[in-house]
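Here is how the chains run, residue by residue.
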Amino acid sequence: MSATQYQVHGNVAVITLDNPPVNGLGYDLRCGIVAGVDQANADPAVQAIVLIGSARAFSGGADIREFGSPRSIQEPNLLTVIRVVEASVKPTIAAIGGVCMGGGLELTLGCHFRIALPDASIALPEIKLGLLPGAGGTQRMPRIIGVEASLNMILKGDPIPAAQFKDSPLFDEYVEGDLLSGALAFAAKVVAEKRPLRRIRDMKVDYPNHEAFLQFSRNMVKGVAGPFPAPLKCVDAIAAAITKPFDEGMKIEREFFMGLMGTPESRALRHAFQGERAASKIPDVPDDTPTRKIARVGVIGAGTMGGGISMNFLNAGVPVTILEMKQEALDKGIGTIRKNYENSLKKGKLTQEKLDTRMGLLTGTMSYDDLKDCDLIIEAVFEDMGVKEQVFKKLDEIAKPGAILASNTSTLDVNKIASFTKRPQDVVGMHFFSPANVMKLLEVVRGAATAKDVMATVMQIAKKIRKTAVVSGVCDGFIGNRMIEHYGRVAGFLLEEGATPAQVDRALEKWGMAMGPFRMGDLAGNDIGWAIRKRRYVEKPHIKYAKFADRLCEQGRFGQKTGKGWYLYKAGERKAIPDPEVEQMLVDYRKELGITPRKISDAEIVERCIYALVNEGARILEEGIAARASDIDMVYLTGYGFPLFRGGPMLYADQMGLYNVARSMKGFAAASGDDFWAPAPLLAKLAAEGKSFS
Ligand code: 3HC
Ligand code: NAI
């Protein structure tokens, strides 16, 4: 199927880019553009050529789906396409509406003229994929909009409305109204006036004192780039635009682009971009599945989670009715919501008007009758099956037919919860993360009976409240907590063997985790993990745990909320101070167990903790709890502070090579005797076949 359409209007050839959804410049589209330009140049009746896209996009850039495949560089590659457009003897005009980004924008820079709708969205966003513009953007942009503006645009990567370029020569004209009519009118002018073809490549970059500016930019970039190599390369490529002839600059840009494409950091960012979009798709729930209307939401329980969950909907303009059992708890919950908004107001992040609108959408109640009109009701009461039973039985009585009944449970069986109702098809898990108004992740737990339209509706509403929704099957802990349990468990054994909490946390934080397991425990409350372990000792006695954490909890060291846990905390402060008392307790504990402590390297700490995530992740994948490895990565990137530049645990394992990962696990199994370390069958199989999760 052709990815372009070619039509001649009078003496103007119009090449329409037609590669939905956003005209990614894949192989077919590239061929179509070259063929169109050739056809137009060969047709004596044609005197000008217009390139135009769809209403949604001129082009979103290089086709991300082709990255890494031979088609991405197959001729005509993007550089060739741009050369063809630029070398055309008849004027080429880019008519830009919608999104015009990356390679799409670079294509327009090869055209002799550019016209745009004022609200077209212009960007060089490659930096967000760990790249730099690789089809001349770093060389042509400084020639047309100047060095500083280009560098800013390339380093930020954010979209800018076309109208904001009105003081630069980037656009020859802005079109009000129909873009194609505007383009044809502009082409007529170009032809009538015999306008000389303007090739940006022939323009000079004039920037006196560029050395000082480049040095300043390099220093600034080094300070903010963190582990990402692309920003510095952007500065170096712009430097080449200033100091080298065009063709040499292009070569340098190409070299940088190809180099960055092979870095693990870029691979991680591309994986996250695609992973986020993939996560929104459920294999057996087609995109056109009808959804239910969600105009009013009910929330049960105004505690830590209920309050945060409510705020998400209020922020999105959806009215919320929140229910508590006692007036005091209700007042406290609503008070906390108001206080959160007032804090945002104080910081200048919210206006009084918005605060009033949001609070105006919130109603408190103690009567289930007031939830009768709700289209979605989310339960966030105590984590106790008996309490959940009472709540869902009541909801079954009062909720209107077709209302979606969701539970925010973090560990309980959603199928069992659904069985408390006569409408299990309407029951689903919506597992938010604390603080629920801040954290991006939402695990959508699909019960055995959950209807497809319920899944489609919840995924849609998740987008509306700006969450990254990942579907999980029903299992203990779902995707995220089921994995983190083993990470924490392994961290516990590291303490037994000779590490300190601070050493473990430091090693993992240096590696990139936002917070090590012990600081995280102190933040979340060590009592939560303790309660889960006590349940596990009964339900799953085969799982081995280091018991030191229990000893800590027996002393009431629950973490920040009690002023001490793995660390000490000064009143009102969150800084974790290593506690000699805990270290002494550890020394005594090891003695009791007859363990001679050994020196444990940071590398071992990281390997064991992260591979624990990987092995359980592989089991989750194999059991179909997660549909794809990238879903697991999205859970970790958005909910657990996993470093973005590593792309998530599963991609990290891929990058390390599954053979090596499995081999390390076998070593841990031999050293510890813990069954857990037998590589998950899926991992073992992929490793043996030389394959990866992705
Ligand atoms: N190639 C192929 N598909 C793309 C794409 C691209 N460049 N950009 C987006 N898509 C796809 C998405 O995967 C998604 O597909 P799906 O519907 O099957 O899930 C669809 O387009 C819509 O994407 P979004 O859900 O993100 O829709 P939005 O309307 O919110 O955003 C967008 C559209 C602004 C284009 C956004 O998708 C985006 O920022 N895309 C990335 C743009 C980019 O980074 N371009 C540079 C590519 S690198 C490059 O050009 C290299 C060059 O310099 C050599
Ligand atoms: P919380 O104790 O802060 O709040 C629970 C609230 O529910 C209390 O205000 C209580 O008065 C109210 N409540 C209890 N029984 C009720 C009933 N029958 N009817 C109406 N209200 C009732 O607890 P939290 O932390 O908000 O947890 C709620 C749920 O969210 C639990 O299932 C928990 O596992 C889950 N969760 C908690 C997370 C966290 O980090 N705190 C993260 C993700 C999920």
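Definitions and cut-offs
- Residues numbered from 1 in each chain as written.
- Chains lettered and ligands numbered in written order.
- Predicted model: local features only at pLDDT ≥ 70, side-chain atom pairs only at ≥ 80, totals over all residues.
- Heavy atoms only, no water.
- Pairing = 2+ DSSP bridges.
- Helix = DSSP H or I, 4+ residues; strand = E, 2+ residues; numbered from the N terminus.
- Contact = heavy atoms within 4.5 Å.
- Axes fitted to C-alpha atoms, helices over the stretch in contact; angles between N-to-C directions.
- Near = heavy atom within 4 Å.
- Polar contact = N/O pair within 3.5 Å; in protein donor to acceptor, adjacent residues only side chain to side chain.
- Areas by Shrake-Rupley, 256 points an atom, 1.4 Å probe, with all protein chains shown as cover.
- Nonpolar A, V, L, I, M, F, W, Y, C, P; charged D, E, K, R; others polar.
- Parallel < 35°, antiparallel > 145°, perpendicular 65-115°, else oblique.
- Left-handed = near helix turned anticlockwise from the far one by under 90°.
- Domains from an automatic or database assignment.
- Salt bridge = Lys/Arg side-chain N within 4 Å of Asp/Glu carboxyl O.
- Buried < 20%, exposed > 50% of the residue type's maximum accessible area, 1.4 Å probe, protein only.
- Core = buried A, V, L, I, M, F, W, Y, C linked by side-chain atoms within 4.5 Å.

**Some thoughts on the sheet that holds strand β1 (residues 4-9)**
- Within the open sheet, the 6 strands sit side by side as β1-β2-β3-β5-β7-β10. Their pairing is mixed. Every interior strand has two partners, whereas the edge strands, β1 and β10 (173-174), have only one.
- Of the strand pairs in this sheet, strand β7 (residues 113-116) and β10 are connected by 2 bridges, and their pairing is parallel. Looking across to β10, one finds that Ile-115 is bridged to Glu-173.
- Along the sheet face, helix α3 (residues 103-110) touches β2 (12-17), β3 (48-52), β5 (92-96) and β7 and points at about 145° away from the line of β5.

**Some points on the site of ligand 2**
- The full set close to ligand 2 counts 21 residues, and Met-305, Glu-324, Glu-383, Lys-388 and Ser-410 are the nearest of them.
- One of the side-chain N or O atoms of Lys-388 is found 2.7 Å from an oxygen atom in ligand 2.
- The separation between an oxygen atom of ligand 2 and a polar side-chain atom of Ser-410 is 2.7 Å.
- Across the complex, the protein chains shield 80% of the 820 Å² of accessible surface that ligand 2 would expose by itself.
- It is helix α14 (residues 385-398) that contributes the most residues to the shell around ligand 2, 3 residues altogether.
- Residues of the shell around ligand 2, tallied by class, amount to 10 nonpolar, 8 polar and 3 charged.

**Regarding the packing of helix α12 (residues 327-346) against helix α13 (residues 352-360)**
- Taken N-terminus to C-terminus, the directions of α12 and α13 make an angle of 165°; their axes are 10 Å apart at the nearest point. As summarised for this structure, α12 and α13 are arranged roughly antiparallel, according to the angle between their axes. α13 is crossed by α12, and the crossing has right-handed handedness. Judged by residue contacts, Ile-334, Ile-337, Arg-338, Tyr-341, Glu-342 and Leu-345 of α12 engage Gln-352, Leu-355, Arg-358 and Met-359 from α13.
- Class assignment for the residues of the contact of α12 with α13 results in 6 nonpolar, 1 polar and 3 charged.

**Let's talk about the domain arrangement of the chain**
- When its domains are assigned, the chain resolves into domain 1 (4-260), domain 2 (297-472) and domain 3 (493-688).
- Centre-to-centre separation of domain 1 and domain 2, based on C-alpha positions: 45 Å.

**Regarding the pattern of salt bridges**
- Overall, the coordinates contain 47 salt bridges when judged by the stated rule.
- Arg-338 is paired through a salt bridge with Glu-342; the nearest N and O atoms lie 3.9 Å apart. Taken together, the residues span about one helical turn, with Arg-338 and Glu-342 both in helix α12 at a distance of 4 residues.
- We classify Glu-342 as partly exposed; its relative accessible area is 31%.
- For the salt bridge of Arg-533 with Asp-550, the shortest nitrogen-to-oxygen distance reads 2.7 Å. In this pair, Arg-533 is assigned in helix α20 (residues 526-539) and Asp-550 in helix α21 (residues 548-554), connecting sequence segments 17 residues apart.
- Overall, Asp-550 belongs to the buried group, its relative accessible area being 7%.
- Taken together, the shared-partner salt bridges connect Asp-476, Glu-485, Arg-535, Arg-536, Glu-539 and Lys-540 into one network.

**Some thoughts on the site of ligand 1**
- What surrounds ligand 1 is a group of 26 residues, the closest being Gly-60, Glu-106, Glu-126, Arg-277 and Lys-281.
- In the model, an oxygen atom of ligand 1 is placed 2.8 Å from a nitrogen or oxygen of the Gly-103 main chain.
- With respect to ligand 1, the side chain of Glu-126 contributes an N or O atom lying 2.6 Å from an oxygen atom.
- Compared with its free state, where it exposes 980 Å², ligand 1 has 76% of that area covered by protein.

**Digging into the sheet that holds strand β16 (residues 427-432)**
- One open sheet holds the 8 strands; their spatial order is β13-β12-β11-β14-β15-β16-β17-β18, and the pairing between them is mixed. Where the open sheet ends on each side, the last strands, each with one partner, are β13 (362-365) and β18 (468-472). Going across the sheet, the axis of each strand differs from the next one's by a mean of 25°, ignoring polarity.
- Here strand β11 (residues 297-300) pairs with strand β14 (residues 376-379) via 4 bridges, running parallel. Its bridge partner being in β14, Val-297 is matched across the sheet by Leu-376.
- Against the sheet, helix α16 (residues 452-464) contacts β15 (404-407), β16, β17 (441-445) and β18, and its axis sits at roughly 25° relative to β16.

**Observations regarding the packing of helix α4 (residues 137-145) against helix α9 (residues 246-261)**
- Packing of α4 against α9 leaves a shortest axis separation of 8 Å and a crossing angle of 135°. Judged by the inter-axis angle, α4 sits oblique to α9. Within the contact between the two elements, α4 uses Gly-137, Thr-138, Gln-139, Arg-140 and Arg-143 and α9 uses Phe-246, Gly-249, Met-250 and Glu-253.
- Counted by class, the contact of α4 with α9 contains 2 nonpolar, 4 polar and 3 charged residues.

**Describing the nonpolar core**
- Residues Ile-479, Val-504, Leu-508, Phe-548, Ile-610 and Phe-693 are the most contacted members of the largest nonpolar core, which totals 71 residues.
- Looking at this core element by element, the count peaks at 11 residues for helix α23 (residues 602-622).
- Two domains share this core, each providing at least three of its residues, namely domain 2 (297-472) and domain 3 (493-688).
- If we skip the residues at most four places from it in the chain, Phe-693 touches Val-614, Ala-618, Leu-621, Ala-629, Met-650, Ala-653, Asp-654, Leu-658, Leu-682, Leu-683 and Leu-686.
- Grouped together as the second largest cluster of nonpolar side chains are 69 residues, Ala-13, Val-34, Ala-120 and Ala-230 included.

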